[in-house]
Amino acid sequence: MNNMLDPAFREQLHFVSKNVQWYLGIGDVAEATGVSQSQLRYWEQKGYIESKKEHSQNRKYTYGMLIKVFVIKYYMDQGFTLAAAAKKAAAHKEATELLKHFILDRFEGVKTVDGFPAIDLGYLDSAQSERLLAVVKGDHTDFKIIPTSEA
């Protein structure tokens, strides 16, 4: 399996990920996170999360807000107060944005290496003589450098 991303498709993926927002209804967020709709409304009232309201006043949440709800709930389940959990969730946002940038910048496609799926992270050097692969082996991931001639 050698599925390299077409450069034009890759550009579209970058554009969509930066410029298009998908929204989920409050029921979808509640079901996905295990946080009740009334709790979500309360968190929003307190300013910990936010939604966009449509013409009918239905709350719509971005995928980023869905992740924030997951993180807040995780910390509350660990015993933190809502305020402390929300503060910790805000600190995670920077790491999440960095990870998103990394994935969009480096993801070149999927390959098979030694019978395992591998994520092609592109050229390792400016001479473009080697590529870096993240080889996923069940419960862990190894990195492998391969010459471009073998890619």
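The notes below deal with the structure included here.

Rules of the game
Residues numbered from 1 in each chain as written. Predicted model: local features only at pLDDT ≥ 70, side-chain atom pairs only at ≥ 80, totals over all residues. Heavy atoms only, no water. Helix = DSSP H or I, 4+ residues; strand = E, 2+ residues; numbered from the N terminus. Buried < 20%, exposed > 50% of the residue type's maximum accessible area, 1.4 Å probe, protein only. Contact = heavy atoms within 4.5 Å. Areas by Shrake-Rupley, 256 points an atom, 1.4 Å probe, with all protein chains shown as cover. Salt bridge = Lys/Arg side-chain N within 4 Å of Asp/Glu carboxyl O. Polar contact = N/O pair within 3.5 Å; in protein donor to acceptor, adjacent residues only side chain to side chain. Patch = residues over 30% accessible without salt bridge, like charges linked within 9 Å, V, L, I, M, F, W, Y side chains within 5 Å. Pairing = 2+ DSSP bridges. Expected span 1.5 Å × (residues − 1). Phe/Tyr/Trp six-rings, centres within 6.5 Å; stacked < 30°, edge-to-face > 60°. Axes fitted to C-alpha atoms, helices over the stretch in contact; angles between N-to-C directions. Parallel < 35°, antiparallel > 145°, perpendicular 65-115°, else oblique. Nonpolar A, V, L, I, M, F, W, Y, C, P; charged D, E, K, R; others polar.

Here's the deal with the overall build of the protein
Phase 1 of the analysis: Helices and strands together make up the secondary structure of the protein, namely 5 helices and 8 strands.
Phase 2 of the analysis: Starting at the N terminus, the α and β elements of the protein follow one another as β-α-β-α-α-β-β-α-α-β-β-β-β.
Phase 3 of the analysis: Looking at the protein as a whole, 27% of its 151 residues are labelled buried.
Phase 4 of the analysis: Summarising the internal contacts of the protein: among those between residues at least 6 apart in sequence, 37% fall at separations of at least 24.
Phase 5 of the analysis: Taken as a whole, the protein presents about 10,100 Å² of accessible surface, with 54% of it coming from carbon and sulfur.

So, the pattern of salt bridges
Phase 1 of the analysis: A complete count under the given rule lists 8 salt bridges for this structure.
Phase 2 of the analysis: A salt bridge links K73 to D77; the nearest nitrogen and oxygen atoms lie 2.8 Å apart. One end of the pair is K73 and the other is D77, both in helix α4 (residues 63-77) and 4 residues apart, which spans about a single turn.
Phase 3 of the analysis: Of the residues examined, D77 reaches a relative accessible area of 54% and is grouped as exposed.
Phase 4 of the analysis: One salt-bridge network, in which partners are shared between bridges, spans E108, K111, D120 and R131.

Some remarks on the side chain of D120
Phase 1 of the analysis: Structurally, the position occupied by D120 is in strand β6 (residues 116-123).
Phase 2 of the analysis: Side-chain polar atoms of D120 contact the backbone nitrogen of G122, separated by 2.8 Å.

What about a nonpolar patch on the surface?
Phase 1 of the analysis: Taken together, the side chains of L99, F102 and I103 present a nonpolar region at the surface, about 280 Å² in accessible area.
Phase 2 of the analysis: Summarising the element assignment, L99 is placed in helix α5 (residues 82-106).

Side note on the pairing of strand β7 (residues 130-137)
Phase 1 of the analysis: Inspection of the sheet shows β6 paired to β7 by 4 bridges, in the antiparallel sense. Residue I119 lies in a different strand from β7, and its bridge partner there is A134.
Phase 2 of the analysis: The hairpin turn running from β6 into β7, its antiparallel successor, is 6 residues long, and Q128 in that turn takes a positive phi close to 55 degrees.
Phase 3 of the analysis: Bridging between β7 and strand β8 (residues 140-147) involves 8 bridges; their strand directions are antiparallel. Within β8, the residue paired with K137 across the bridge is H140.

A look at α5
Phase 1 of the analysis: Between its first and last C-alpha, α5 extends 36 Å over 25 residues, near the 36 Å set by a 1.5 Å rise per residue.
Phase 2 of the analysis: Residues of α5 that are buried include every one of L82, A85, A86, A89 and L104, and no others.

What about the packing of aromatic side chains?
Phase 1 of the analysis: Applying the stated rule across the entire model yields 2 aromatic pairs.
Phase 2 of the analysis: Plain terms: the ring middles of Y74 and Y75 are 5.1 Å apart, the flat faces sit at 75 degrees to each other, and that makes the pair edge-to-face.
Phase 3 of the analysis: Ring geometry for Y75 and F80: centres 5.6 Å apart, planes at 90 degrees, overall edge-to-face.
Phase 4 of the analysis: Y75 sits in the buried class, given a relative accessible area of 15%.

A few points about the packing of helix α2 (residues 26-33) against helix α3 (residues 37-45)
Phase 1 of the analysis: Contact geometry for α2 and α3: axes closest at 9 Å, N-to-C directions at 110 degrees. Taken together, the axis directions place α2 and α3 in an arrangement best described as roughly perpendicular. Along its contact with α2, which presents I26, G27, V29 and A30, the element α3 presents Q37, L40 and R41.
Phase 2 of the analysis: Of the residues belonging to the contact of α2 with α3, the class tally is 4 nonpolar, 2 polar and 1 charged.

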